[in-house]
Amino acid sequence: MFSTLKKAGLAVALTAAAVCTAAPASADPIQTMASSRCVVGSSGNCTTAVVGANSSGHWVDYYVNNRLRPSPCPWRVRDVNTGVVVRSGTVGTGGFTSGTVFGLYGYYQLELRGCSISAVGGIDNV
């Protein structure tokens, strides 16, 4: 009886190990190459989906396009776990900005607040 249970336990352990090792390394969201963009609607706000920092370089890229818009567009890149704003600014009327924030290890979103309709922002780790 004990040898049957021992064999059954070994089979379960081997199956669990196979399941754990079968998942690709890219299953970790922080290692996944991702990008997200949002377009400001009638609320004047938009928020991108969550993007993990690049796993090898520890950074995210962002851009805000406020070209052909009649008012400035405040924006910020925020750590979704801690709430810390890691970069922020305001794009003037008819302006565009982009950049890279280095030294990051968490998950981030780009938020546009109080902007004109159709302003666009994006964030990526590619």
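A short tour of the structure in this document, coming up. (Residues numbered from 1 in each chain as written. Predicted model: local features only at pLDDT ≥ 70, side-chain atom pairs only at ≥ 80, totals over all residues. Heavy atoms only, no water.)

### Some remarks on the nonpolar core
And then number 1: With 20 residues, the main nonpolar core has Trp75, Val77 and Leu112 as its most contacted residues.
And then number 2: Residue assignment for this core shows that the elements contributing at least two residues are strand 4 (59–65), strand 5 (73–79) and strand 8 (107–112).
And then number 3: Dropping the residues within four chain positions of it, Val77 is found in contact with Val60, Tyr62, Val84, Val85, Val86, Arg87, Tyr108, Gln109, Leu110 and Ile123. (Core = buried A, V, L, I, M, F, W, Y, C linked by side-chain atoms within 4.5 Å. Buried < 20%, exposed > 50% of the residue type's maximum accessible area, 1.4 Å probe, protein only. Helix = DSSP H or I, 4+ residues; strand = E, 2+ residues; numbered from the N terminus. Contact = heavy atoms within 4.5 Å.)

### Some thoughts on the pairing of strand 6 (residues 85–91)
Regular strands show a simple pattern: their side chains alternate between the two faces of the sheet.
And then number 1: Bridging between strand 5 and strand 6 involves 6 bridges; their strand directions are antiparallel. Along strand 6, the bridge assignment pairs Pro74 with Thr90.
And then number 2: Count of turn residues in the strand 5/strand 6 antiparallel hairpin: 5 residues, of which Gly83 carries a positive phi of about 80°. (Pairing = 2+ DSSP bridges.)

### Some details on the sheet that holds strand 1 (residues 35–39)
And then number 1: Taken in spatial order, the 4 strands line up as 1-9-4-7 in an open sheet, and their pairing is antiparallel. With partners counted over all chains shown, the strands left at the sheet margins are strand 1 and strand 7 (96–102), one partner each. Across this sheet, the average inter-strand angle for adjacent strands is 10°, counted without regard to direction.
And then number 2: In terms of strand pairing, strand 4 meets strand 9 (residues 120–124) through 5 bridges, oriented antiparallel. The residue bridging Asn65 from the neighbouring strand is Val120, located in strand 9. (Axes fitted to C-alpha atoms, helices over the stretch in contact; angles between N-to-C directions.)

### Observations concerning the pattern of salt bridges
Pairs can form between side chains of opposite charge once their charged atoms are near each other.
And then number 1: Enumeration over the complete set of coordinates arrives at 2 salt bridges.
And then number 2: In this structure, Glu111 and Arg76 form a salt bridge, with 2.3 Å as the shortest nitrogen-oxygen distance. Of this pair, Glu111 sits in strand 8 while Arg76 is found in strand 5, placing the two residues 35 residues apart along the sequence.
And then number 3: Residue classification places Arg76 among the partly exposed residues on the basis of a relative accessible area of 33%.
And then number 4: With a closest N to O distance of 2.6 Å, Glu111 and Arg78 form a salt bridge. Linking Glu111 in strand 8 with Arg78 in strand 5, this pair joins segments that are 33 residues apart in sequence. Of the two residues, Glu111 and Arg78, neither departs from the other in class, the shared state being buried. (Salt bridge = Lys/Arg side-chain N within 4 Å of Asp/Glu carboxyl O.)

### Points about the side chain of Asn66
And then number 1: For Asn66, the location among the structural elements is in the loop between strand 4 and strand 5.
And then number 2: Of note is the side chain of Asn66, whose polar atom sits 3.1 Å from the backbone oxygen of Gly92.
And then number 3: Asn66 has contacts with Ser71, Pro72, Cys73, Val91, Gly92, Thr93, Gly94, Gly95 and Ala119, leaving out every residue within four places of it along the chain. (Polar contact = N/O pair within 3.5 Å; in protein donor to acceptor, adjacent residues only side chain to side chain.)

### Some thoughts on unusual backbone geometry
And then number 1: The residue Leu68 is not glycine, and still its phi comes out positive at about 65°.
And then number 2: Along the polypeptide, Leu68 turns up in the loop between strand 4 and strand 5.
And then number 3: By relative accessible area, Leu68 is classed as exposed at 81%.
And then number 4: Unusually for a residue other than glycine, Ser118 sits at a positive phi of about 80°.
And then number 5: Inspection of the secondary structure puts Ser118 in the loop between strand 8 and strand 9.

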